[in-house]
Amino acid sequence: MKKRNSSLMPKARRKLYPASGTHLPNSCLLLCLPTTKRNVPVMMDEALNYLEKRQKQDPMFTYEVIVVDDGSQDQTSQVALKYCQKYGSDKVRVITLVQNRGKGGAVRMGVFSSRGEKILMADADGATKFPDVEKLEKGLSDLRPWPDQMAIACGSRAHLEKESIAQRSYFRTLLMYGFHFLVWFLCVKGIRDTQCGFKLLTREAAARTFSSLHIERWAFDVELLYIAQFLKIPIAEVAVNWTEIEGSKLVPFWSWLQMGRDLLFIRLRYLLGAWKLERTRKMN
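Residues numbered from 1 in each chain as written. Predicted model: local features only at pLDDT ≥ 70, side-chain atom pairs only at ≥ 80, totals over all residues. Heavy atoms only, no water.

K.L.:
Looking at this structure, how should I read the overall build of the protein?
P.N.:
In terms of regular secondary structure, the protein is built from 10 helices and seven strands. For the protein, the residues scored as buried account for 49% of the 284 residues in total. Of the contacts made within the protein by residues no fewer than 6 positions apart, 81% connect residues no fewer than 24 positions apart. In the structure as shown, the protein presents an accessible area of about 15400 Å², 55% of it carried by carbon and sulfur atoms. (Helix = DSSP H or I, 4+ residues; strand = E, 2+ residues; numbered from the N terminus. Buried < 20%, exposed > 50% of the residue type's maximum accessible area, 1.4 Å probe, protein only. Contact = heavy atoms within 4.5 Å. Areas by Shrake-Rupley, 256 points an atom, 1.4 Å probe, with all protein chains shown as cover.)

Shown next as structure tokens:
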């Protein structure tokens with residue numbers, strides 16, 4: 001990974017990027033922003049209000065929020081940088097990717113830049129209410145003792161499936177069931193909702209899984225959980241509140257077709273040895 005040359009940044013912006021911190025925050029929130037600045041203030045206000053309130057209640061609690069702008073064409077980074085100015089670069093950081101790498105690539109970049117003991121992935125559309133992170137924390141805690149300090153709690157919308165089917169067309173319902181079958185048959189068993197963007201990982205689990213990740217588009221969640229199950233990392237699936245956000249849907253047919261292709265690639269490439277995983281890792 002190339003090191004950012006701070007001398008290439010304007011002085012006014014350079015001070016917004018923090019030096020490497022010596023402390024380790026209790027929690028790190030990753031927001032992946034694919035294309036638009038519209039939903040940034042809503043999610044950032046909700047998240048930071050919650051985190052600031054929690055820090056006042058518990059002075060030992062620390063956090064950082066990392067916003068990853070995945071090559072957007074509007075002023076997304078500028079909007080996010082205003083929060084960096086307001087709360088300080090030790091609490092809010094912004095990573096701007098020059099080119100769009102896909103959701104998986106953007107989240108991975110954020111994970112590798114994080115300093116938290118626990119790392120929360122969250123979509124910037126605010127479909128899941130941020131206080132639900134406490135449900136994930138409980139799910140993570142219930143998995144103790146963590147082998148090699150590794151554990152994952154996945155937010156799940158599976159309990160809302162009947163309601164969502166009633167609101168979907170038959171075609172979209174067919175695509176959903178087809179995708180769930182492929183996920184179960186080819187990659188991940190025992191997790192009903194692999195695609196919810198609300199996931200909490202211990203630092204070690206994030207390091208082990210994301211360092212082996214290949215898929216950078218929408219199916220990256222499936223490979224992430226495939227790697228976790230191969231490494232025998234305990235996973236909890238936790239029901240969370242979820243609201244349909246206008247404009248946050250993928251284009252149904254082509255997106256599902258691409259994800260189906262990625263699922264097949266994941267299975268075949270690991271099966272044929274093109275991609276390899278090791279259960280143990282040498283420690284420095």
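Okay, back to it.
K.L.:
Looking at this structure, how should I read the side chain of Arg-93?
P.N.:
Within the fold, Arg-93 resides in strand S3 (residues 92-97). Residue classification places Arg-93 among the buried residues on the basis of a relative accessible area of 14%. Engagement of the side chain of Arg-93 in a polar contact is seen with the backbone oxygen of Ser-113, the distance being 2.6 Å. (Polar contact = N/O pair within 3.5 Å; in protein donor to acceptor, adjacent residues only side chain to side chain.)

K.L.:
Would you explain a nonpolar patch on the surface in this entry?
P.N.:
A grouping of Phe-181, Leu-182, Trp-184 and Phe-185 is seen on the molecular surface, where their side chains present a nonpolar patch of about 420 Å² in accessible area. When you line up the elements, Leu-182 lands in helix H7 (residues 170-187). Taking relative accessible area as the criterion, Leu-182 reaches 30% and is therefore assigned partly exposed. (Patch = residues over 30% accessible without salt bridge, like charges linked within 9 Å, V, L, I, M, F, W, Y side chains within 5 Å. Salt bridge = Lys/Arg side-chain N within 4 Å of Asp/Glu carboxyl O.)

K.L.:
Got a minute to help me understand unusual backbone geometry in this structure?
P.N.:
Backbone geometry follows two general trends: most residues other than glycine have a negative phi, and most peptide bonds adopt the trans configuration. For the peptide bond that leads from Arg-144 to Pro-145, omega is 0°, which places it in the cis range. A positive phi is found at Asp-148, a non-glycine position, where the angle reads about 55°. Note on placement: Asp-148 falls in the loop between helix H5 (133-142) and strand S5 (152-156). The class of Asp-148 is exposed, set by a relative accessible area of 60%. Positive phi values are uncommon outside glycine, yet Lys-232 reaches one of about 60°. If you trace the backbone, Lys-232 turns up in the loop between helix H9 (220-230) and strand S7 (235-239).

K.L.:
Just checking my understanding: could you explain the pairing of strand S6 (residues 199-202) for this structure?
P.N.:
Along S6, one buried face is formed by Lys-199 and Leu-201 and the opposite face, lined by Leu-200 and Thr-202, is buried too. Pairing of strand S4 (residues 118-123) with S6, which is carried by four bridges, proceeds in the antiparallel orientation. Paired with Met-121 across the strands is Lys-199, a residue of S6. As defined by bridge partners, S5 adjoins S6 across three bridges and the pair is classed as antiparallel. (Pairing = 2+ DSSP bridges.)

K.L.:
Would you take a moment to explain H9 for this structure?
P.N.:
One turn of the α-helix equals 3.6 residues, which is why residues spaced by three or four share an orientation. The element H9 is extensively covered by neighbouring structure, given that nine of its 11 residues are classed as buried. Of all the residues in H9, the buried ones are Phe-220, Asp-221, Val-222, Glu-223, Leu-224, Leu-225, Tyr-226, Ile-227 and Ala-228. Just downstream of H9 lies Lys-232, where phi reads positive at about 60°.

K.L.:
I would appreciate a short explanation of the environment of Val-94 in the present structure.
P.N.:
If you trace the backbone, Val-94 turns up in strand S3. Measuring from C-alpha to C-alpha, the distance between Val-94 and Ser-77 comes to 6.9 Å, with 17 residues separating the pair along the chain.

K.L.:
What is the right way to read the pattern of salt bridges from this model?
P.N.:
Here the idea is simple: oppositely charged side chains can pair when their charged atoms come close. Taken as a whole and judged by the stated rule, the model has 13 salt bridges. Linking Arg-101 and Glu-216 is a salt bridge whose minimum nitrogen-to-oxygen distance equals 2.9 Å. Of the two residues, Arg-101 sits in the loop between S3 and helix H4 (103-113) while Glu-216 sits in the loop between helix H8 (203-210) and H9, which places them 115 residues apart along the sequence. With relative accessibility at 24%, the residue Glu-216 sits in the partly exposed group. Here Arg-261 and Asp-262 are joined by a salt bridge, their closest N and O atoms 3.5 Å apart. For Asp-262, a relative accessible area of 5% translates into the label buried. Residues joined by salt bridges that share partners form a network here, namely Glu-64, Asp-90, Arg-93 and Arg-115.

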